[in-house]
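Chain and residue survey
Here is what each chain is made of, one letter per residue.
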Amino acid sequence: MSAKIIDGKAFAAEVREKVAGHVSRLKEVHGITPGLAVVLVGDDPASEVYVRNKGKQTLEAGMNSYEHKLPEDTPEADLLALVKQLNADPAVHGILVQLPLPQHIDEEKVINAITPDKDVDGFHILNVGLLGTGQKAMVPCTPLGCLMMLRDHHGSLSGLNAVVVGRSNIVGKPMAQLLLRDSCTVTIAHSRTKDLADVCRRADILVAAVGRPQMIPGDWVKPGATVIDVGINRIPAPEKGEGKTRLVGDVEFDSAAQVAGAITPVPGGVGPMTIACLLANTVTACCRANNLPEPE
Ligand code: NDP
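Residues numbered from 1 in each chain as written. Predicted model: local features only at pLDDT ≥ 70, side-chain atom pairs only at ≥ 80, totals over all residues.

Here we look at the site of the ligand
- Taken together, 25 residues form the shell around the ligand, and within it S168, H190, S191, G211 and T274 come nearest.
- Considering each element in turn, the shell around the ligand owes the most residues, three residues, to helix α10 (residues 270–289).
- Of the residues in the shell around the ligand, the class split is ten nonpolar, twelve polar and three charged. (Near = placed C-beta within 6 Å. Helix = DSSP H or I, 4+ residues; strand = E, 2+ residues; numbered from the N terminus. Nonpolar A, V, L, I, M, F, W, Y, C, P; charged D, E, K, R; others polar.)

Some thoughts on the nonpolar core
- Core analysis: the largest hydrophobic core is formed by 92 residues, its most contacted members being V164, L206, V207, A256 and A260.
- Here this core gets eleven residues from one element, more than from any other, and that element is α10.
- Each of domain 1 (30–120) and domain 2 (141–271) gives at least three residues to this core.
- Beyond its immediate chain neighbours, meaning those up to four positions away, V207 contacts C146, A162, V164, V165, M175, I228 and V230. (Core = buried A, V, L, I, M, F, W, Y, C linked by C-beta atoms within 7 Å. Buried ≥ 20, exposed ≤ 12 C-beta atoms within 10 Å, placed from the backbone. Domains from an automatic or database assignment. Contact = placed C-beta atoms within 7 Å.)

Describing the sheet that holds strand β8 (residues 226–229)
- The six strands are arranged β1-β11-β8-β7-β5-β6 in an open sheet whose pairing can be described as parallel. Unpaired on one side and paired on the other, β1 (4–5) and β6 (185–189) mark the two borders of the sheet.
- Here β8 runs beside strand β11 (residues 262–263); their pairing, made up of two bridges, is parallel. In the sheet register, T226 faces β11, and the bridge partner there is A262.
- Lying on the sheet, helix α6 (residues 141–154) is in contact with β7 (205–208), β8 and β11; it crosses β8 at an angle near 160°. (Pairing = 2+ DSSP bridges. Axes fitted to C-alpha atoms, helices over the stretch in contact; angles between N-to-C directions.)

Let's talk about the UniProt feature "domain: Tetrahydrofolate dehydrogenase/cyclohydrolase NAD(P)-binding" (unreviewed entry) in the chain
- UniProt records the feature "domain: Tetrahydrofolate dehydrogenase/cyclohydrolase NAD(P)-binding" (unreviewed entry) for residues 140–288 in the present numbering.
- What you have in residues 140–288 is 38% helix and 19% strand, and the ends, taken at the C-alpha atoms, are 17 Å apart. (UniProt positions renumbered as here; feature names shortened; annotations may be inferred.)

Observations concerning the environment of M148
- Here M148 shows up in helix α6.
- By the C-beta count within 10 Å, which is 20 here, M148 ends up buried.
- Put simply, M148 and G8 are 140 residues apart on the chain and 10.0 Å apart in space, counted from C-alpha to C-alpha.

Thoughts on unusual backbone geometry
- At the junction of L99 and P100, the peptide bond is cis and its omega measures out at 0° in the coordinates.
- Looking at where P100 falls in the secondary structure, it is placed in the loop between β4 (94–97) and α4 (107–111).
- Positioned with a positive phi, N291 is a non-glycine residue whose angle comes to about 55°.
- Mapped onto the elements, N291 comes out in the segment after α10.
- By the C-beta count within 10 Å, which is 6 here, N291 ends up exposed.

Brief notes about the domain arrangement of the chain
- Each domain of the chain was delimited in the assignment, giving domain 1 (30–120) and domain 2 (141–271).
- One C-alpha centre belongs to domain 1, the other to domain 2; they are set 28 Å apart.

Some details on helix α2 (residues 45–60)
- Counted at 1.5 Å a residue, the expected span for α2 with its 16 residues is 22 Å, and the 23 Å between its end C-alpha atoms agrees.
- Of all the residues in α2, the buried ones are V51, K54, Q57 and T58. Buried residues of α2 fall within an arc of 135° about the axis and therefore sit on the same side. Away from its buried face, by an angle of more than 90 degrees, α2 presents the exposed residues P45, V49, K56 and L59.
- In this fold, the buried residues of α2 make contact with α1 (8–30), β2 (35–41), β3 (64–70) and α10.
- Looking one or two residues beyond α2, the residue adopting positive phi is G62, at roughly 90°. (Expected span 1.5 Å × (residues − 1). Arc of directions from axis to C-beta.)

A closer look at the UniProt feature "domain: Tetrahydrofolate dehydrogenase/cyclohydrolase catalytic" (unreviewed entry) in the chain
- As annotated in UniProt, the feature "domain: Tetrahydrofolate dehydrogenase/cyclohydrolase catalytic" (unreviewed entry) corresponds to residues 6–121 in the numbering used here.
- Spanning residues 6–121, this segment combines 49% helix with 16% strand, and its end C-alpha atoms are found 24 Å apart.

Brief notes about the packing of α6 against helix α7 (residues 172–181)
- Where α6 meets α7, the closest approach of the two axes is 8 Å, and the angle between their N-to-C directions is 35°. In the crossing of α6 with α7, the sense of the turn from one axis to the other is right-handed. Two secondary-structure elements touch here, α6 through P143, C146 and L147 and α7 through P174, M175 and L178.
- Residue classes in the contact of α6 with α7 are distributed as six nonpolar, no polar and no charged. (Left-handed = near helix turned anticlockwise from the far one by under 90°.)

What to know about the sheet that holds β2
- Pairing in this open sheet of three strands is parallel, and the strands run β3-β2-β4 from one edge to the other. The open sheet terminates on both sides in strands that have one partner only, identified here as β3 and β4. Put simply, the sheet's adjacent strands are angled 15° from each other on average, direction ignored.
- Here β2 runs beside β3; their pairing, made up of seven bridges, is parallel. In the sheet register, L36 faces β3, and the bridge partner there is S65.
- Relative to β2, helix α3 (residues 76–88) is tilted by about 180°, and along the sheet it contacts β2, β3 and β4.

Laid out in structure tokens, this is it:
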């Protein structure tokens, strides 16, 4: 193995420590405690784990956490009413509605009902537009975490060829916008891309956000490239015992690590950074709401 392993877990711990420092200053100097409201509709087990972790880490950073668990059959109107109530609550600086929502609820309608200043996920159409036009926006947490790791590793990203595999609104597209903002030459690949292997081989920075276990093998990776694996896929792991599973990314880690210059592992790469960035975005939202300088 030749690649440097980018330790997202350790990096995220540093980010959370900084966030906790900002929170304690906000409390001591200004008497303000940032608050994050997380709304979960239904009982999807993966979403429940995410929400629990978010709540735990919010409290650990010294912030207030407000969890709202609603049943699967909650009418859209009730969810919109809750969002409206949270929008108006001065103790709530960030609102996150855990996705996916049940089929009968219009996700876009709910996301766009969140007041943009409290949209710590950065999915509101206004924040998407602000990011796309290079203005001050709430930036989606997962791509933001990826960007922080890339900047930390490379310093400047200017002029590098970046390939983002995946064009979702929550990862692929905002990731591409952030890389463009940092002056990369950006290619967005997706399920219709021709010669994906060749496209990937041109990447100095390869971001995989597909949701297909170990789809990208090492021989798609340019020697020395930086590989950011966003994918979180659960696959059977009979070696651990009957019925056991394990998490893998979208990249075939062992073969890619032979060629890449640096690579994020799964788990322990992008995942922990996502929650750390959510906490950071909540502090940013709190500072903006109170006309205070934002943390860098
Ligand atoms: P989506 O399913 O919304 O998007 C997947 C994208 O991958 C689509 O743009 C799709 O293309 C593309 N794609 C699918 N198959 C192929 C293929 N064979 N070749 C090339 N492109 C393909 O997923 P998300 O963006 O929401 O998530 C992607 C992964 O990241 C998932 O594993 C998810 O669990 C993980 N994730 C991890 C997070 C973290 O915190 N670490 C946070 C969010 C997501 P098309 O548009 O053409 O269909």
